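One-letter residues, chain by chain:
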Number of protein chains: 4
Amino acid sequence: MSNTFGNIYRLTDFGESHGPAIGGVVDGMPAGVSVDFDEIRRWLARRRPGQSTLTTSRKEADEVRFLSGIYEGRTLGTPIGFIIENVDARSADYEELRHKFRPNHADYTYQAKYGIRDYRGGGRASARETAVRVVGGALAMQVLKQHGISVNAYALQVGKATEPDAMEREIRDARAARDTVGAIVGCTVSGIAPGLGEPVFDKLQALLASAMMSINAAKGFDYGSGFDGAACRGSELVDTPFFDADSQKVRMRTNHSGGIQGGISNGEDIYFRVAFKPIATLPQPLEAIDDEFRQCALDLGGRHDPCVVPRAIVVVEAMAAMTVLDAMMMAKAASL
Amino acid sequence: MSNTFGNIYRLTDFGESHGPAIGGVVDGMPAGVSVDFDEIRRWLARRRPGQSTLTTSRKEADEVRFLSGIYEGRTLGTPIGFIIENVDARSADYEELRHKFRPNHADYTYQAKYGIRDYRGGGRASARETAVRVVGGALAMQVLKQHGISVNAYALQVGKATEPDAMEREIRDARAARDTVGAIVGCTVSGIAPGLGEPVFDKLQALLASAMMSINAAKGFDYGSGFDGAACRGSELVDTPFFDADSQKVRMRTNHSGGIQGGISNGEDIYFRVAFKPIATLPQPLEAIDDEFRQCALDLGGRHDPCVVPRAIVVVEAMAAMTVLDAMMMAKAASL
Amino acid sequence: MSNTFGNIYRLTDFGESHGPAIGGVVDGMPAGVSVDFDEIRRWLARRRPGQSTLTTSRKEADEVRFLSGIYEGRTLGTPIGFIIENVDARSADYEELRHKFRPNHADYTYQAKYGIRDYRGGGRASARETAVRVVGGALAMQVLKQHGISVNAYALQVGKATEPDAMEREIRDARAARDTVGAIVGCTVSGIAPGLGEPVFDKLQALLASAMMSINAAKGFDYGSGFDGAACRGSELVDTPFFDADSQKVRMRTNHSGGIQGGISNGEDIYFRVAFKPIATLPQPLEAIDDEFRQCALDLGGRHDPCVVPRAIVVVEAMAAMTVLDAMMMAKAASL
Amino acid sequence: MSNTFGNIYRLTDFGESHGPAIGGVVDGMPAGVSVDFDEIRRWLARRRPGQSTLTTSRKEADEVRFLSGIYEGRTLGTPIGFIIENVDARSADYEELRHKFRPNHADYTYQAKYGIRDYRGGGRASARETAVRVVGGALAMQVLKQHGISVNAYALQVGKATEPDAMEREIRDARAARDTVGAIVGCTVSGIAPGLGEPVFDKLQALLASAMMSINAAKGFDYGSGFDGAACRGSELVDTPFFDADSQKVRMRTNHSGGIQGGISNGEDIYFRVAFKPIATLPQPLEAIDDEFRQCALDLGGRHDPCVVPRAIVVVEAMAAMTVLDAMMMAKAASL
């Protein structure tokens with residue numbers, strides 16, 4: 001619950017943006033898996049700020065330090081604790097936020113819920129927390145690869161643009177306008193066997209939706225025919241099954257179902273979309289309230305991303321990888 | 001997990017469409033609540049088939065029988081067991097399905113997962129199971145009402161239509177064409193205090209998304225600015241806060257956030273949408289495969305709904321009510 | 001939590017002693033298992049009152065009715081709902097208890113916790129609830145048998161007696177004296193593979209202890225050398241390992257460890273003890289308080305057991321069977 | 001599950017004895033609690049080796065470093081991550097154990113379960129892990145104190161001795177004999193309100209039993225009249241209730257129930273016992289097997305404790321404190 005994700009493969013996640021460190025514990029990792037540390041670093045690098053002109057100029061080293069659960073390069077089956085120290089935490093930049101609530105942020109809601117908050121850099125609500133998810137997902141991915149499963153996320157839309165060049169231009173335009181812009185990220189999971197997902201409440205799409213909607217700034221999720229399918233007739237979306245002699249598998253001639261039927265994978269590619277709002281941290285003056293509920297002005301400066309793309313892509317992959325591995329382990333348990 | 005929904009307020013759900021009965025267990029219901037049995041019956045009536053010319057002509061009495069957890073009309077705080085006997089189960093109608101897998105259904109995936117299935121009426125994957133959710137939701141609603149919270153779902157779109165008369169016409173047209181049609185249902189939750197939802201993985205939107213995506217035929221979920229917001233600039237979606245002297249509360253001038261910021265309710269209305277695919281049970285001949293993976297013809301007949309609307313509306317309300325009550329109880333635990 | 005037992009193989013349990021029915025839901029049952037209904041009836045018969053002169057003369061038919069999860073005699077992998085109707089509920093006998101709290105019972109504590117209680121026959125706290133556990137355990141046992149695992153409980157001590165005849169005499173003497181008497185039940189689980197149980201908090205002995213201490217009237221649990229081993233030197237309790245050429249397995253020359261080392265099974269027999277207090281429902285006048293906290297007299301009559309033995313034995317087996325099956329499924333999940 | 005303890009107040013625990021660090025994450029800590037870091041250090045000091053002539057001479061600094069969830073000395077309500085670096089890890093001492101399984105230890109069972117293990121210092125199965133529990137318990141205790149609750153554990157028996165001086169002598173004698181000795185630890189929880197614990201599976205005694213039996217070397221648990229009560233008649237153990245005019249509370253004239261009736265606290269002191277086996281690491285030559293299942297000799301040297309007392313006492317308190325706080329938060333959730 002709350003700061004733990006998953007049933008069998010579980011990530012417990014902690015840390016504030018400007019505290020000493022963020023980190024996590026992966027419990028339920030299968031034993032004996034050789035850990036590719038370079039691959040984990042590459043995943044973290046994809047999430048890291050400052051990597052291109054499209055992202056914030058903040059530097060975060062994001063060096064992960066593994067503390068347990070791995071011995072001589074292989075997993076022990078015991079929990080994998082890890083931390084990422086926080087550096088370049090220019091907390092003084094945030095002094096203005098000690099008493100002011102940023103609009104569209106978690107500042108007011110955390111204060112309302114807890115009566116206290118770490119206002120520096122968004123505290124617990126900072127997207128910095130997603131680095132922990134990336135480590136959990138990169139570890140999960142190493143198991144999935146052994147089973148021939150791939151997970152790939154990609155930008156489908158940025159603002160009103162749906163072509164790569166145009167999407168990049170939308171981000172530059174937003175930044176130039178001292179503004180931010182929304183996006184839709186797609187993701188495809190290939191190589192899954194039929195039979196993942198549980199009936200009723202733990203349908204595979206419900207698990208994926210929960211995973212994706214827990215990412216900062218996510219506002220929507222759909223899979224297969226999705227929202228567009230609501231405008232369709234049933235006869236337009238029939239996925240006719242057939243036995244494929246080549247692969248010796250049941251296949252579908254089309255995949256409007258998005259690889260899931262009745263909550264359970266059917267062996268076709270799973271594909272889904274995640275809608276992200278424009279990042280709420282606007283580099284322009286805003287009207288806000290302070291902690292005595294007085295109207296005030298607020299200027300957050302400019303060290304922020306104009307769009308969740310490209311950095312959110314690896315986070316979507318990480319959450320998908322953990323969800324799929326967990327579902328595989330659930331299914332395995334039942335195969336006793 | 002799996003057939004249990006929720007953390008503190010939990011519904012465990014069982015039953016196949018043509019077995020002896022479906023039913024559930026509500027664990028975590030607060031003690032001392034007077035149960036309005038008529039209200040529960042009204043909720044069940046809203047989900048029941050045969051209630052209007054827009055729905056299937058099948059009759060399901062859906063009489064719920066409470067077995068525990070209620071004494072002299074009040075809840076005991078102990079688990080509330082209940083069952084709904086299955087009647088009018090014309091299982092013979094389904095004999096053809098013993099060896100055939102309906103396209104876009106759970107038939108093949110259940111067989112792949114379990115190596116066995118109850119093929120009659122969809123078995124565990126039947127939407128009949130949602131009657132259990134309606135009971136769980138109606139009970140939750142009785143607690144929410146005491147706290148001044150309302151939950152209202154409604155049709156936003158049927159096929160390509162967005163106006164009531166046109167939506168009704170879409171359903172009649174689909175039926176006349178021996179077809180089915182998709183829909184989008186909206187839902188608004190009002191009267192919620194700030195502070196519900198947990199950081200990171202149990203964000204309120206993640207809990208709601210999981211709840212909604214677990215409903216049969218749901219293909220998408222969004223809240224607040226949702227998928228449309230992905231095309232926007234951040235400056236278009238700022239919800240400026242202010243202190244409302246009348247209500248003595250912090251309010252937002254707009255509500256693009258959909259009542260949730262940083263995963264936690266801010267006191268404004270929560271609103272979200274659920275996209276449903278056209279019902280997969282088409283009243284027209286289809287190409288299918290049988291359990292020896294041979295191509296075959298299939299005719300499912302006509303005793304089915306042409307659209308999830310209007311019957312899914314109360315199911316959306318039920319899932320929302322349970323989610324919100326559970327979040328309230330989680331928040332209460334932390335207030336020690 | 002609370003009324004649900006287990007992680008993967010899960011029993012959710014409901015019902016008051018004098019409500020319409022008690023019942024449960026088994027979720028996580030593997031699919032395709034042939035159900036031996038006669039065996040389940042035999043287990044229930046072992047728990048049923050009125051079966052010998054050593055137990056209460058109350059009659060409980062304890063007919064279990066399965067509602068889901070089983071089709072044509074085999075499990076579907078979906079949740080198995082079941083109920084046992086309450087009959088011979090002479091609730092009028094309990095009218096005196098509407099306003100009085102029985103000493104050493106749950107009457108006062110339920111009232112303190114919930115502000116309401118079903119006072120008839122102990123309500124939710126009645127040992128009648130254990131019939132539900134017996135069904136859950138009997139189902140688990142059918143899977144365990146397929147894996148060559150046996151679970152056997154037995155009386156080790158009744159009052160001060162440790163020999164069968166003497167134990168029986170202790171029960172008759174207690175009844176004759178209008179009194180009740182305590183007991184210790186032992187249990188042995190054989191045929192378990194090494195590797196069950198999880199490190200740290202879900203050690204196999206912790207899972208078993210929780211299971212046993214949840215049984216009504218249980219006051220103590222130990223395993224292997226147990227409480228007696230506290231008086232020993234380490235050198236007295238060494239289980240020397242060796243490789244057994246016959247079975248081609250690692251074995252231990254002695255089994256002071258009780259089949260568990262470091263929380264994980266080692267392949268030797270698991271054995272443990274459960275201490276039960278004398279049943280609190282004494283057939284003699286008692287001093288009590290009423291719900292206005294006034295001192296009062298109370299006479300509970302004589303329709304009760306003088307000792308948990310022999311009826312608790314099958315309940316111990318049921319809880320052990322569910323615990324072991326759940327641990328096997330947990331271990332299986334990790335074997336991905 | 002597994003490496004996470006608790007439902008609402010949850011400790012996730014990681015770390016091997018000779019890995020870089022051990023640590024944990026406390027999730028569910030109430031917000032706004034002032035943290036007394038000195039008190040946490042004092043608790044850790046009570047568990048630390050090398051503190052008296054009765055314990056091992058190993059030095060462990062056990063400096064806890066808090067990484068999140070605390071800001072300006074007060075808890076944020078967000079997860080509290082912490083680590084304790086491993087120092088003085090003389091791993092070379094353990095080289096002999098790379099291929100040998102110590103009798104009565106987790107070496108063989110971990111190998112059987114995972115196919116891999118960190119053999120240095122017991123790895124994950126080392127009692128060093130309990131330092132993490134002590135931090136979790138010390139944090140819980142700070143909340144309990146605000147509610148007037150105290151938790152005190154103490155040695156009841158060491159070997160055959162039950163008097164302080166004699167117990168100390170048993171430990172010295174065992175060490176002199178190059179042996180170890182068992183013990184029984186008692187614990188009393190005072191100041192608890194009636195109403196903690198849940199019916200059926202989460203009875204307060206079941207939660208406590210699970211907590212205690214998860215501690216390394218624990219072999220038994222009982223509470224109230226416990227194992228001794230099994231030899232008694234019911235009439236000997238009646239706790240007669242009365243209304244105490246001074247405290248304006250319902251009290252019991254005796255407390256054979258151990259403060260719990262029907263699984264729920266009644267307001268009297270909760271007291272229980274935990275039996276510990278003699279520590280399995282004997283400072284004398286032993287017969288063992290190696291990882292090719294050949295018989296071999298083993299000498300573990302002398303840097304180990306001769307008895308879990310006195311160091312286990314604070315671990316018992318820590319587990320009791322977390323259990324009670326979790327039960328209080330569960331009860332609070334239901335009070336909506």
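Further up the page is the structure itself.
### Thoughts on the packing of aromatic side chains
Part 1 of the reasoning: For the structure shown, the criterion picks out 34 aromatic pairs over all chains.
Part 2 of the reasoning: Measuring from centroid to centroid gives 5.4 Å for A:Phe201 and B:Phe5, while their planes differ by 45°, and the two rings are tilted. Taken together, the residues span two chains, with A:Phe201 in the loop between strand E10 (183–190) and helix H5 (204–213) and B:Phe5 in strand E1 (residues 4–5).
Part 3 of the reasoning: Plain terms: the ring middles of A:Phe243 and B:Phe293 are 5.4 Å apart, the flat faces sit at 15° to each other, and that makes the pair stacked. Highlighted residues: A:Phe243 in strand E12 (residues 241–244) and B:Phe293 in the loop between strand E17 (286–290) and strand E18 (295–298), drawn from two different chains.
Part 4 of the reasoning: Classification of B:Phe293 by relative accessible area gives partly exposed; the value is 33%.
Part 5 of the reasoning: An aromatic cluster is defined as three or more aromatic residues linked by ring pairs; in this entry it consists of A:Phe37, A:Phe66 and A:Phe82.
Part 6 of the reasoning: If you follow D:Arg46 out to its NZ or CZ, it ends over the ring of D:Trp43, 5.8 Å from the centre.
Part 7 of the reasoning: The residue whose ring lies beneath D:Lys219 is C:Tyr223, and the NZ or CZ to ring-centre distance is 3.9 Å.

### Remarks on the sheet that holds strand E4 (residues 64–66) of chain A
All names here are of chain A.
Part 1 of the reasoning: Here five strands make up an open sheet; going across it, the order is E1-E2-E3-E7-E4 and the pairing antiparallel. Only two strands of the sheet have a single neighbouring strand rather than two, namely strand E1 (4–5) and E4.
Part 2 of the reasoning: Sheet topology note: the strand E2 (residues 10–14)/strand E3 (residues 21–27) ladder contains five bridges and is antiparallel. Paired with Arg10 across the strands is Asp27, a residue of E3.

### Brief notes about the relation of the copies chain B and chain C
Part 1 of the reasoning: Mapping chain B onto chain C calls for a rotation angle of 180° and an axial translation of 0.0 Å; the resulting RMSD is 0.0 Å. Classification of the inter-copy transformation places it as that of a two-fold axis. Closest approach to the rotation axis among the C-alpha atoms of chain B is made by B:Thr12, whose C-alpha sits 3.8 Å away.
Part 2 of the reasoning: Comparing interface residues between copies, 100% of those in chain B also lie at the interface in chain C; the contact surface is shared.

### Focus on the side chain of A:Thr109
Part 1 of the reasoning: Tracing the backbone shows A:Thr109 in helix H2 (residues 107–114).
Part 2 of the reasoning: Classification of A:Thr109 as buried rests on a relative accessible area of 0%.
Part 3 of the reasoning: Of note is the side chain of A:Thr109, whose polar atom sits 2.8 Å from the backbone oxygen of B:Gln261.
Part 4 of the reasoning: Other than its neighbours up to four places away in sequence, A:Thr109 contacts B:Gln261, B:Ile264, B:Ser265 and B:Asn266.

### Some thoughts on the pattern of salt bridges
Part 1 of the reasoning: Per the stated rule, a full pass over the model turns up 88 salt bridges over all chains.
Part 2 of the reasoning: The partner of B:Arg46 in a salt bridge is B:Glu317, with the nearest N and O atoms 2.9 Å apart. Within this pair, whereas B:Arg46 is found in helix H1 (residues 37–47), its partner B:Glu317 is found in helix H7 (residues 312–333), the two being separated by 271 residues in sequence.
Part 3 of the reasoning: As a salt-bridge pair, D:Glu268 and D:Arg251 come within 2.6 Å of each other at their nearest N and O atoms. With a gap of 17 residues between them, D:Glu268 in the loop between strand E15 (264–265) and strand E16 (270–276) and D:Arg251 in strand E13 (residues 249–252) connect regions that are remote in the sequence.
Part 4 of the reasoning: A relative accessible area of 8% means that D:Glu268 is categorised as buried.

### Regarding the interface of chain B and chain C
Part 1 of the reasoning: Each side of the interface is counted separately: chain B has 43 residues, and chain C has 43 residues.
Part 2 of the reasoning: Regarding the contact of chain B and chain C, the summed buried area is about 3300 Å², with carbon and sulfur atoms giving 59% of it.
Part 3 of the reasoning: The largest contributions to the chain B side of the interface with chain C come from B:Leu67, B:Tyr71 and B:Ile116, which together make up 18% of the buried area.
Part 4 of the reasoning: On the surface where chain B and chain C come into contact, there are four salt bridges.
Part 5 of the reasoning: One salt bridge connects B:Arg98 with C:Glu72, and the closest N-O pair in it is separated by 3.0 Å.
Part 6 of the reasoning: Inspection of the region where chain B meets chain C yields twelve residue pairs in polar contact (both at pLDDT 80 or more).

Cut-offs and rules
- Residues numbered from 1 in each chain as written.
- Chains lettered and ligands numbered in written order.
- Predicted model: local features only at pLDDT ≥ 70, side-chain atom pairs only at ≥ 80, totals over all residues.
- Heavy atoms only, no water.
- Phe/Tyr/Trp six-rings, centres within 6.5 Å; stacked < 30°, edge-to-face > 60°.
- Helix = DSSP H or I, 4+ residues; strand = E, 2+ residues; numbered from the N terminus.
- Buried < 20%, exposed > 50% of the residue type's maximum accessible area, 1.4 Å probe, protein only.
- Lys NZ or Arg CZ within 6 Å of the ring centre and 35° of its normal.
- Pairing = 2+ DSSP bridges.
- Least-squares fit on C-alpha atoms with pLDDT ≥ 70 in both.
- Contact = heavy atoms within 4.5 Å.
- Polar contact = N/O pair within 3.5 Å; in protein donor to acceptor, adjacent residues only side chain to side chain.
- Salt bridge = Lys/Arg side-chain N within 4 Å of Asp/Glu carboxyl O.
- Buried area = accessible area lost by both parts, 1.4 Å probe.

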